[in-house]
Amino acid sequence: MENCLFCRIVAGEIPATVVHRTETTVAFRDIDPKAPTHVLVIPVAHHADVVALAADPAAAADVLAAAAAVAEQEGLTGGFRLIFNTGPHAGQEVFHVHAHVLGGEPLGPMLAGK
Ligand code: AMP
Ligand code: ZN
């Protein structure tokens, strides 16, 4: 999709530190990491958010499998958090669905201040 930041990363038009790639997914380090490991896993196909991704079950399964592979590859043996920010209440900023894989230290409460 034209002018989509993450489609442009898939196409190699914008640089990213890619840590894992399959035919249908790309995983790269978040530019502003919130944990020692912070990787974004995206489908190659453009879907705006996780609701749209859910309508493409094969792509959804591929994203989950890639997230699990990234967690293993990154050595997140203590566990990790997988987040799909969706819509304004969640503060979604990029409208090409992405799973945040966060780990590498205890992550604290699920939500800030809770
Ligand atoms: P969200 O708020 O869930 O939409 O998350 C968007 C994420 O994309 C944020 O964590 C940003 O730091 C990250 N991000 C934005 N631009 C880039 C980029 N060029 N390369 C890697 N990560 C990015
Ligand atoms: Zn896109």
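The coordinates are above.
Residues numbered from 1 in each chain as written. Chains lettered and ligands numbered in written order. Predicted model: local features only at pLDDT ≥ 70, side-chain atom pairs only at ≥ 80, totals over all residues. Heavy atoms only, no water.

If you tally the helices and strands in the protein, you get 3 helices and 5 strands. Reading the helices (α) and strands (β) of the protein from amino to carboxyl end gives α-β-β-β-α-α-β-β. Against the compact-globule benchmark of 13 Å for 114 residues, the protein has a radius of gyration of 14 Å, which places it among compact chains. With respect to the principal axes defined by its C-alpha atoms, the protein has extents near 35 × 30 × 25 Å. The buried share of the protein, taken over its 114 residues, is 35%. For the protein, long-range pairs separated by at least 24 residues make up 54% of all intrachain contacts whose partners lie at least 6 apart in sequence. (Helix = DSSP H or I, 4+ residues; strand = E, 2+ residues; numbered from the N terminus. Rg over C-alpha atoms; globule rule 2.2 N^0.38 Å. Buried < 20%, exposed > 50% of the residue type's maximum accessible area, 1.4 Å probe, protein only. Contact = heavy atoms within 4.5 Å.)

So, on to the coordination of the zinc ion (ligand 2). Looking at the metal site, the zinc ion (ligand 2) is ligated by Cys4 (SG), Cys7 (SG), His46 (ND1) and His96 (ND1), spaced 2.1 to 2.3 Å from it. Coordination at the zinc ion (ligand 2) comes from 4 donor atoms whose angles at the metal span 105 to 116°, giving a geometry best classed as tetrahedral. Here the donor residues for the zinc ion (ligand 2) map to a single chain with the spacing C-x2-C-x38-H-x49-H. Taken together, the residues span a long stretch of sequence, with cysteine 7 in helix H1 (residues 5-10) and histidine 46 in the loop between strand E3 (37-43) and helix H2 (50-54) at a distance of 39 residues. Accessibility expressed as a relative area gives 11% for cysteine 7, which makes it buried. We classify histidine 46 as partly exposed; its relative accessible area is 24%. (Donors = N, O, S within 2.8 Å, 3.2 Å for Na, K, Ca; no water. Tetrahedral: all angles 85-135°; square planar, octahedral: opposite > 155°, others 65-115°.)

Next up on the list: the layout of surface pockets. The computed volume of the largest pocket comes to approximately 820 Å³. In terms of lining, the largest pocket is formed by 31 residues, of which the most central are Asp30, Asp32, Lys34, His38 and His100. For the lining of the largest pocket, the elements supplying multiple residues, two or more each, are H1, strand E2 (25-29), E3, strand E4 (80-83) and strand E5 (99-103). Broken down by element, the lining of the largest pocket gets its largest block of residues, 3 residues, from H1. Grouping the amino acids of the lining of the largest pocket by side-chain chemistry returns 18 nonpolar, 7 polar and 6 charged. (1 Å grid on protein atoms, 1.4 Å probe; cavity = no way out; pocket = protein on both sides within 12 Å on 5 of 7 lines; lining within 4 Å. Points joined across faces, edges and corners; volume = space filled by probe spheres on them. Nonpolar A, V, L, I, M, F, W, Y, C, P; charged D, E, K, R; others polar.)

Here we come to the pairing of E2. Burial of E2 is extensive: 4 of the 5 residues sit out of reach of the surface. Here strand E1 (residues 18-21) runs beside E2; their pairing, made up of 3 bridges, is antiparallel. If you follow histidine 20 over to E2, its bridge partner there is alanine 27. The turn linking E1 back onto E2 is made up of 3 residues. In the sheet, E2 pairs with E3 via 5 bridges, with the strands oriented antiparallel. The partner of arginine 29 across the bridge, within E3, is valine 39. (Pairing = 2+ DSSP bridges.)

The quantities given are spatial measurements derived from coordinates; they are silent on function.
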